[in-house]
Amino acid sequence: MNLTRRDFTKFSTLALAAQFGQQLTPELLAQTSGRKVGYCIIGLGRIADHFMRGTLDTNNSKVTALVSGHPDKAAQIAEKYGVPKSSIYNYENMDAIRDNKSVDAVYVALPNSMHAEYTIRSAKAGKHVLCEKPMAVSVAEAQSMIEACKSANVKLMIAYRCHYETTNLRAVKLIRDGAIGQVQSIQSAFGFNCGPNEWRLDKPLAGGGPLMDVGIYCLNATRYLTGEEPAEISAYAFSNPLDPRFKTVEENVSWVTKFPSGVVASCNTTYGAQMDGYFHVYGSKGWIDVNPAFVYDGLRLTAQIATPDNPYVTLDEPNSEKDPIHFSKEADHFSNCILHNLEPKTPGEEGLQDMKYIRDIYRSAGIAKS
Ligand code: NAD
């Protein structure tokens with residue numbers, strides 16, 4: 001039998017399912033159905049490139065249209081993904097995707113303050129929406145996006161790729177299985193030294209600084225690791241007044257979150273230093289460290305856990321999956337939700353929760369936020 005690469009993925013997924021006694025869920029079945037969800041990519045920057053490459057390794061997703069303000073770039077990308085000229089739009093005429101039958105969904109990969117407008121326009125055009133994080137720049141915007149998608153009867157998923165990624169899921173499972181006992185506290189950080197010409201430094205486009213961009217990974221991780229919603233938050237922010245990069249957005253934010261069970265999480269984010277994204281979870285019977293935890297590949301989990309036979313088992317689990325696998329998994333999940341009318345694991349409501357906590361962190365740190 002001659003197997004193509006896709007056939008191989010299909011067969012290995014089914015074999016794995018059989019091996020681990022998983023049911024043939026709609027998600028697995030969809031991988032064999034041959035139907036592909038067509039995505040219109042809105043904004044052709046860095047993250048869109050990862051996502052588009054990610055679709056190539058799925059059996060249920062493909063790029064069918066593009067929205068860009070740069071016709072030359074759009075033409076080059078269209079050629080690579082087999083998108084016809086008639087399916088290239090700009091920001092003014094993109095509402096015409098309504099009449100494009102090859103488009104089932106959009107992927108919004110624009111600067112943060114544009115997420116709400118393009119999500120709502122796409123919903124009004126009758127298309128499902130996969131929107132990048134942070135979902136929006138305010139709680140009110142996030143709510144209006146959810147309402148627009150509900151009233152248009154389309155699905156809305158926020159692209160929280162760590163919810164679909166093996167090592168993060170492994171950490172969550174170890175915690176839920178009681179492998180480190182009662183979780184006591186979590187430390188997490190994520191930041192980088194931001195170049196001077198980034199839209200990320202312009203509050204009207206970014207909505208805020210590193211908290212909106214990368215600190216959100218730590219915030220969201222503390223929620224999925226504990227499975228709880230924060231009860232109390234207190235925060236500090238600081239920007240070097242002499243650094244011209246931080247005229248409109250903050251440079252550093254640190255915050256502490258107390259969860260209802262008593263778990264306390266302390267997190268840091270910055271645009272002023274390289275801060276590899278990680279989390280460290282301390283439990284009554286052991287600990288879990290994922291470092292790096294939020295990048296596109298090369299993740300590694302180390303842990304000391306307790307089993308019924310041995311209270312001091314050490315784990316060292318490097319993840320050999322390569323970029324753009326996170327994006328393949330994310331696209332695969334949303335496409336299956338569309339194909340089988342399932343609710344995404346990270347719907348708009350998940351993004352809205354983070355927007356509320358981000359608002360609370362900024363307020364606690366003395367930075368006004370709607
Ligand atoms: P980017 O600067 O690389 O791309 C932004 C795109 O938006 C570009 O194609 C640009 O031409 C277009 N654009 C349209 N109007 C613009 C304007 N007025 N100003 C600037 N650009 C404009 O940015 P990116 O890193 O791809 O980030 C895009 C979104 O993706 C952001 O919301 C970011 O938070 C998110 N993101 C997510 C991840 C992830 O891992 N999930 C990683 C990075 C970024």
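Model, not experiment: these values are computed from the prediction.

### Some words on the sheet that holds strand β13 (residues 300–305)
Thinking step 1. Overall, mixed pairing links the eight strands, which are arranged β8-β9-β10-β7-β11-β12-β13-β14 in an open sheet. The strands lining the two open edges of the sheet, one partner per strand, are β8 (232–238) and β14 (313–318). Across this sheet, the average inter-strand angle for adjacent strands is 10°, counted without regard to direction.
Thinking step 2. Bridge count between β13 and β14: six bridges; the pairing is antiparallel. Of the residues in β14, the one forming a bridge with threonine 302 is aspartate 316.
Thinking step 3. In the packing of helix α7 (residues 166–176) onto the sheet, the strands contacted are β7 (183–193), β11 (272–283), β12 (286–290), β13 and β14, and the crossing angle to β13 comes to about 15°.
Thinking step 4. Helix α9 (residues 210–226) rests against β7, β9 (252–258), β10 (264–270) and β11 of the sheet, and its axis sits at about 160° to β7.

### Regarding helix α3 (residues 46–55)
One turn of the α-helix equals 3.6 residues, which is why residues spaced by three or four share an orientation.
Thinking step 1. Every buried residue of α3 is accounted for by Ala48, His50, Phe51, Met52, Gly54 and Thr55.
Thinking step 2. Tucked into the core, α3 has its buried residues touching β1 (37–42), β2 (61–67), α4 (71–81), β4 (105–108), β5 (128–131) and α10 (325–340).

### Describing the layout of surface pockets
Thinking step 1. When its volume is computed, the second largest pocket comes out at roughly 830 Å³.
Thinking step 2. For the second largest pocket, the lining is made up of 37 residues, of which Arg46, Ile47, Trp199, Arg200 and Tyr296 are closest to its centre.
Thinking step 3. For the lining of the second largest pocket, the secondary-structure elements that each account for two or more residues are α3, β7, α9 and α10.
Thinking step 4. Broken down by element, the residue count for the lining of the second largest pocket peaks at four residues, all from α3.
Thinking step 5. Both domain 1 (27–161 + 340–348) and domain 2 (166–320) contribute no fewer than three residues apiece to the lining of the second largest pocket.

### Observations regarding the sheet that holds β4
Thinking step 1. With respect to topology, six strands assemble into an open sheet ordered β3-β2-β1-β4-β5-β6, the strand pairing being parallel. In the strand order of this sheet, the two ends are held by β3 (88–89) and β6 (156–158), each with one partner.
Thinking step 2. Sheet strands touched by α10: β1, β2, β4, β5 and β6. Its angle to β1, the strand with the most contacts, is close to 125°.

### Some words on the pattern of salt bridges
Thinking step 1. Per the counting criterion, the structure on display carries 18 salt bridges.
Thinking step 2. With a shortest N-O distance of 3.0 Å, glutamate 349 and lysine 150 are connected by a salt bridge. Taken together, the residues span a long stretch of sequence, with glutamate 349 in helix α11 (residues 348–364) and lysine 150 in helix α6 (residues 139–151) at a distance of 199 residues.
Thinking step 3. Its relative accessible area of 58% is what places lysine 150 among the exposed residues.
Thinking step 4. As a salt-bridge pair, arginine 170 and glutamate 317 come within 2.8 Å of each other at their nearest N and O atoms. Here arginine 170 is found in helix α7, whereas its partner glutamate 317 is found in strand β14, with 147 residues between them in sequence.
Thinking step 5. By relative accessible area, arginine 170 is classed as partly exposed at 32%.

### A short note on the site of the ligand
Thinking step 1. If you check the shell around the ligand, you find 25 residues, and the closest are Arg46, Asn112, Arg161, Trp199 and Arg200.
Thinking step 2. One nitrogen or oxygen atom from the main chain of glycine 45 is found 3.0 Å from an oxygen atom belonging to the ligand.
Thinking step 3. Tryptophan 199 places a side-chain nitrogen or oxygen 2.8 Å from an oxygen atom of the ligand.
Thinking step 4. Burial of the ligand by the protein chains amounts to 82% of its free accessible area of 830 Å².
Thinking step 5. In this structure, the ligand is accommodated by the second largest pocket.
Thinking step 6. Elements that contribute at least two residues to the shell around the ligand include exactly α3 and α9.
Thinking step 7. Of the residues belonging to the shell around the ligand, the class tally is 13 nonpolar, five polar and seven charged.
Thinking step 8. When residues are assigned to domains, the shell around the ligand turns out to be shared by domain 1 (27–161 + 340–348) and domain 2 (166–320), each giving three or more.

### Things to note about the side chain of serine 61
Thinking step 1. When you line up the elements, serine 61 lands in strand β2.
Thinking step 2. Separated by 2.8 Å, the side chains of serine 61 and asparagine 60 make a polar contact.
Thinking step 3. When near neighbours in sequence (up to four residues on either side) are disregarded, serine 61 contacts Lys36, Val37, Tyr39, Thr55, Ala331, Asp332 and Ser335.

### A closer look at the pairing of β5
Thinking step 1. Burial along β5 is two-sided: the face carrying His128 and Leu130 and the face carrying Val129 and Cys131 are both buried.
Thinking step 2. With four bridges joining them, β4 and β5 adopt parallel strand pairing. Across the sheet, residue valine 106 finds its bridge partner in β5, namely valine 129.
Thinking step 3. In the classification by handedness, the crossover that spans β4, the intervening helix α5 (residues 115–124) and the parallel β5 is right-handed.
Thinking step 4. Both β5 and β6 contribute to a ladder of three bridges, which runs parallel.

### Considerations on the packing of aromatic side chains
Thinking step 1. For the structure shown, the criterion picks out nine aromatic pairs.
Thinking step 2. Taking 5.3 Å as the distance between ring centres and 80° as the angle between the ring planes, the aromatic pair formed by phenylalanine 190 and tyrosine 217 counts as edge-to-face. Of this pair, phenylalanine 190 sits in strand β7 while tyrosine 217 is found in helix α9, placing the two residues 27 residues apart along the sequence.
Thinking step 3. A network of ring pairs unites the aromatic residues Phe190, Tyr217, Phe279 and Phe294 as a single cluster.
Thinking step 4. Here the guanidinium or amino end of lysine 345 rests over the ring plane of tyrosine 164, the centre of that ring lying 5.7 Å away.

About the thresholds
Residues numbered from 1 in each chain as written. Predicted model: local features only at pLDDT ≥ 70, side-chain atom pairs only at ≥ 80, totals over all residues. Heavy atoms only, no water. Pairing = 2+ DSSP bridges. Helix = DSSP H or I, 4+ residues; strand = E, 2+ residues; numbered from the N terminus. Axes fitted to C-alpha atoms, helices over the stretch in contact; angles between N-to-C directions. Contact = heavy atoms within 4.5 Å. Buried < 20%, exposed > 50% of the residue type's maximum accessible area, 1.4 Å probe, protein only. 1 Å grid on protein atoms, 1.4 Å probe; cavity = no way out; pocket = protein on both sides within 12 Å on 5 of 7 lines; lining within 4 Å. Points joined across faces, edges and corners; volume = space filled by probe spheres on them. Domains from an automatic or database assignment. Salt bridge = Lys/Arg side-chain N within 4 Å of Asp/Glu carboxyl O. Near = heavy atom within 4 Å. Polar contact = N/O pair within 3.5 Å; in protein donor to acceptor, adjacent residues only side chain to side chain. Areas by Shrake-Rupley, 256 points an atom, 1.4 Å probe, with all protein chains shown as cover. Sits in = over half its atoms within 2 Å of the grid points. Nonpolar A, V, L, I, M, F, W, Y, C, P; charged D, E, K, R; others polar. Right-handed = clockwise from strand over helix to strand, strands pointing away. Phe/Tyr/Trp six-rings, centres within 6.5 Å; stacked < 30°, edge-to-face > 60°. Lys NZ or Arg CZ within 6 Å of the ring centre and 35° of its normal.

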